[in-house]
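Topology and contacts: notes
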Amino acid sequence: MLRTRLLFSRSLLIGISLLFLPFVAEALTLEELAQRLDVLEAENAVLRQKVARLESQPNAAPTAAANAGLPVPTSPAATVAGGGESSTYLSSYGEIGYTRPSKQPSSSNVDVQRAVVGVTHRFDESTKMVGEWEWEHAVTSSTDTGESEVEQLYVEHTFPGGWTADAGLYLMPAGLLNQHHEPTAYYGVYRPDVDTKIIPSTWREVGLGVSRTTASGLTFEGGVTTAPNLSKWDPTSDEGRVRGPLAAIHGEGQFAASHDLAGHLSVNWRVPGALVGASVFASKVGQDQAGFLGNDSRLLLWELHGRYQPGRWDLAGEYVRGTLSHTEALNEFYLHGTTPNPTLVPALFYGGYGQAAYRAWSNDYFKIMAFARYEILNTAADYGSLVGAPATPRDERIWTLGTSLYVGDGVVLKADYRRYRNDRYPSPVPPGYTKGDSLNFGVGYSF
Amino acid sequence: MNTHNGWLWLLPVAALTTPAYATTYLTVEQAQQLMFPGQTLTSAPIKLDEAQRLTVERASGLAVPHTDFAVWRASSGGYFFLDAVIGKHELITYALGVNPDGTIKDVEILDYRESYGGEIRNAGWRTQFVQKSAADPLKLDQDIRNISGATLSSRHVTDGVRRLMAIHALLPR
């Protein structure tokens with residue numbers, strides 16, 4: 001059947017070509033026509049080989065390769081299932097960490113931080129879907145702290161000219177990590193605090209996005225998505241301060257309030273061994289909730305990032321700054337409410353880090369990277385013009401020193417030590433505590 | 001009659017034909033003309049025997065899971081290879097042009113389908129291969145630098161080029 005389809009397609013192509021031959025013949029010399037026929041004949045020969053091979057190995061490769069007259073592709077990682085014109089790919093990543101708090105070793109713990117399974121199904125050459133499902137902290141039930149969530153779920157269509165459009169739940173193009181968050185993509189057993197507390201990796205919203213990568217290495221991404229919902233802010237919980245303001249109010253596609261929508265725009269320029277980029281995300285975040293005092297609040301989050309990899313070095317930096325406007329009335333309400341020491345909505349939050357990694361040793365299969373990272377961040381750096389506002393916490397400063405042993409393309413073993421300026425000796429250290437000064441070991445994989 | 005109007009019939013034809021391979025940046029013929037302008041290319045597909053396959057594996061340090069390769073010989077004596085590797089999950093179709101003296105003439109990306117990492121089409125990345133030969137390491141992080149966020153695509157195309165250069169060493173000059 002495959003042979004019939006290919007032969008039919010080929011015949012149709014030749015037939016159409018012949019139909020239009022008189023129109024183009026006058027622009028071509030006989031010599032050029034002869035050359036083109038040579039190419040067609042050569043391609044046809046390869047195609048015949050391909051058909052024969054596919055018939056003997058029906059599921060060996062997607063038809064995309066056959067269309068180009070290609071040999072069976074080499075597959076270092078992916079699983080290819082199914083035949084015909086569509087194909088389905090399975091992907092996964094996961095990480096397990098051991099943490100030993102320096103001042104309270106009795107709280108040492110091991111956690112399956114996340115296990116993620118992804119499926120990409122390509123319907124045809126232009127359209128595909130991407131889905132990722134995640135379990136955090138191993139067990140999810142009414143009495144456990146684990147989470148089960150859809151991390152990505154979108155369809156993507158590529159248009160002529162290299163424009164790509166996404167629709168669904170997709171990752172925000174913010175910072176160095178959010179879109180490339182697999183354990184093999186960053187140093188340290190845990191993601192940098194800036195990339196979890198200021199940018200709430202893995203940060204996703206539901207919306208429509210477009211992107212284009214130019215031949216010069218510039219990638220533009222923009223879109224309209226759901227926006228965070230400030231009415232979810234809980235002044236009785238320290239979540240907004242400990243996990244970060246955006247982590248406390250983002251929607252994650254779960255009945256995400258969508259009266260107010262957000263816009264995002266990013267640009268990245270990648271050349272061999274270097275990357276510079278910036279992004280901005282802006283929206284109203286009140287979501288027009290009845291009687292809510294934060295309905296006029298607006299979020300503006302912008303960031304700059306860069307990475308430079310000369311020789312054995314891998315240097316990276318990121319700076320993120322977020323503001324929430326018109327929060328005074330809401331905070332005043334919280335201050336004069338019944339909650340003692342309420343967690344207020346910050347008018348300003350920010351963070352940044354510099355990181356240097358060095359390839360200490362490598363061969364064709366293993367690679368050891370040693371790294372140091374210094375972060376400065378503040379999840380509540382200012383409360384705006386709020387009268388009677390409490391003092392803001394001083395900036396958190398974190399040193400992380402460690403090593404990563406990469407095994408092949410997709411496995412990494414990690415070890416590091418983190419030292420915090422503010423959050424050094426939490427007392428008491430709760431079970432499962434993974435912040436504060438600690439020695440950490442981890443294993444992760446991605447394919 | 002306005003001579004430009006004579007081409008208007010092409011528009012509906014273009015509309016009918018362009019969506020078919022939206023991720024195709026270059027056709028095979030376009031890549032061939034880009035690398036070997038004005039030259040005649042003759043199809044010369046290769047089927048490696050077992051001994052040759054093992055030779056290529058030893059020379060490249062890579063597995064050679066199939067033995068058929070799409071190759072064209074240019075009238076100048078150069079070679080044009082057409083191959084595909086998997087980036088992270090999806091196929092990247094690329095072409096390698098080799099000069100008569102055995103140095104790399106060009107690498108071109110024909111199709112790129114992954115959601116991320118399309119920057120390997122960047123001329124700055126591809127020109128790292130130019131003038132290198134099978135005697136060079138042709139390895140990521142050694143003589144070929146990667147594209148941040150496209151490490152697997154960079155690595156697998158680099159490995160593919162190294163494998164093709166090992167095959168090229170078996171061909172007549």
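Source: prediction; values computed, not measured. (Residues numbered from 1 in each chain as written. Chains lettered and ligands numbered in written order. Predicted model: local features only at pLDDT ≥ 70, side-chain atom pairs only at ≥ 80, totals over all residues.)

It is worth spelling out the overall build of chain B at this point. Looking only at helices and strands, chain B has 5 helices and 6 strands in total. Its helices and strands in sequence order give chain B the pattern α-α-β-β-α-β-β-β-β-α-α, from N to C terminus. Taking the contacts inside chain B whose residues are at least 6 apart along the sequence as the reference set, 61% of them involve residues at least 24 apart. (Helix = DSSP H or I, 4+ residues; strand = E, 2+ residues; numbered from the N terminus. Contact = placed C-beta atoms within 7 Å.)

For chain A, the helix and strand inventory stands at 7 helices and 17 strands. Counting every position in chain A, which comprises 447 residues, the buried fraction comes to 39%. Summarising the internal contacts of chain A: among those between residues at least 6 apart in sequence, 57% fall at separations of at least 24. (Buried ≥ 20, exposed ≤ 12 C-beta atoms within 10 Å, placed from the backbone.)

What follows covers the nonpolar core. Membership of the largest hydrophobic core comes to 43 residues, with the highest contact counts inside it found for B:F80, B:F81, B:I92, B:Y94, B:A95, B:L96 and B:V161. Put simply, the parts of the chain that give this core at least two residues each are α2 (28-35), β3 (68-74), β4 (79-86), β5 (91-98), β6 (104-112) and α5 (151-168) of chain B. By residue number, the principal contributor to this core is β4(B), which donates 7 residues. By size, the runner-up hydrophobic cluster in this structure holds 36 residues, among which are A:Y170, A:L171, A:A262 and A:F281. (Core = buried A, V, L, I, M, F, W, Y, C linked by C-beta atoms within 7 Å.)

Residue and element names in this part refer to chain A. Within the element layout of this structure, Y89 appears in strand β2 (residues 87-101). Here Y89 falls in the buried class, since 22 other C-beta atoms lie within 10 Å of it. For the pair formed by Y89 and P183, sequence separation is 94 residues and the distance between their alpha carbons is 20 Å.

Turning our attention to the pairing of strand β16 (residues 411-420) of chain A. Residues and elements named next belong to chain A. Bridging between strand β15 (residues 396-407) and β16 involves 10 bridges; their strand directions are antiparallel. Note that in β16 the partner of T400 across the bridge is R418. Linkage of β15 to β16, two consecutive antiparallel strands, is achieved through a turn of 3 residues, within which G408 is found at a positive phi near 60°. Here 8 bridges tie β16 to strand β17 (residues 438-446), and the two strands are oriented antiparallel to one another. Across the sheet, the residue bridging to R418 is S438, located in β17. (Pairing = 2+ DSSP bridges.)

Our next topic: the pairing of strand β12 (residues 313-324) of chain A. All names here are of chain A. Inspection of the sheet shows strand β11 (residues 298-308) paired to β12 by 10 bridges, in the antiparallel sense. Its bridge partner lying in β12, L300 is registered against T323. The hairpin turn running from β11 into β12, its antiparallel successor, is 4 residues long, and G311 in that turn takes a positive phi close to 55°. As paired elements, β12 and strand β13 (residues 348-362) share 11 bridges and run antiparallel to each other. Paired with R321 across the two strands is Y350, which belongs to β13.

This part covers α2(B). Inspection of α2(B) places B:V28, B:A31, B:Q32 and B:M35 among the buried residues, and these make up the whole buried set. Seen from one end, α2(B) has its buried residues packed into an arc of 100°, which puts them on one side. (Arc of directions from axis to C-beta.)

Moving on, we get to helix α7 (residues 328-335) of chain A. Within α7(A) the residues assigned to the buried category are A:L330, A:N331 and A:Y334. In an axial view of α7(A), the angular spread of the buried residues amounts to 95°, which keeps them on one side of the axis.

A separate point is the environment of A:S237. If you trace the backbone, A:S237 turns up in the loop between β8 (218-226) and α5 (239-242). In the structure, A:S237 is positioned 107 residues away from A:L344 in sequence and 9.9 Å away in space, judged by C-alpha atoms.

Relative to the assigned elements, A:E95 resides in strand β2. With residues up to four places along the chain from it excluded, the contact list for A:E95 reads A:Q113, A:R114, A:P183, A:G442, A:V443 and A:G444.

All names here are of chain B. Across chain B, the average pLDDT comes to 87, with 87% of residues at 70 or higher. Long-range and interchain partners of residues 1-22, a stretch whose pLDDT sits below 50, account for 10 contacts in this model, where long-range means more than four residues apart. Here the predicted complex scores 0.80 on pTM and 0.76 on ipTM. (pLDDT = per-residue confidence, 0-100.)

Geometrically, the link from A:S201 to A:T202 is a cis peptide bond, its omega value of 5° lying close to zero. Within the fold, A:T202 resides in the loop between α4 (194-198) and β7 (204-213). Of note in this structure, A:F255 is not a glycine but carries a positive phi near 45°. Position of A:F255 among the secondary structure elements: in the loop between α6 (245-249) and β9 (261-271). Even without a glycine there, the phi angle at B:Q131 is positive, about 75°. Relative to the elements of secondary structure, B:Q131 occurs in the loop between α4 (123-126) and α5.

Let us look at the confidence of the model for chain A. Residues and elements named next belong to chain A. Per-residue confidence for chain A averages 84 on the pLDDT scale, and 78% of its residues sit at or above 70. The low-confidence segment residues 1-9, where pLDDT is below 50, has 7 contacts with residues more than four positions distant or belonging to other chains. Predicted confidence for residues 49-84 stays below pLDDT 50, and this span has 76 contacts to residues more than four positions away or in other chains.

Right, let's talk about the packing of helix α3 (residues 50-60) of chain B against α5(B) for a bit. All names here are of chain B. Relative orientation of the contacting elements α3 and α5 amounts to 130°, with a least axis distance of 9 Å. Put simply, α3 runs oblique to α5. The two elements α3 and α5 cross, and the hand of that crossing is right-handed. Taken together, the residues of α5 that come into contact with α3 (itself represented by V56, A59 and S60) are R162, R163, A166 and I167. (Axes fitted to C-alpha atoms, helices over the stretch in contact; angles between N-to-C directions. Parallel < 35°, antiparallel > 145°, perpendicular 65-115°, else oblique. Left-handed = near helix turned anticlockwise from the far one by under 90°.)

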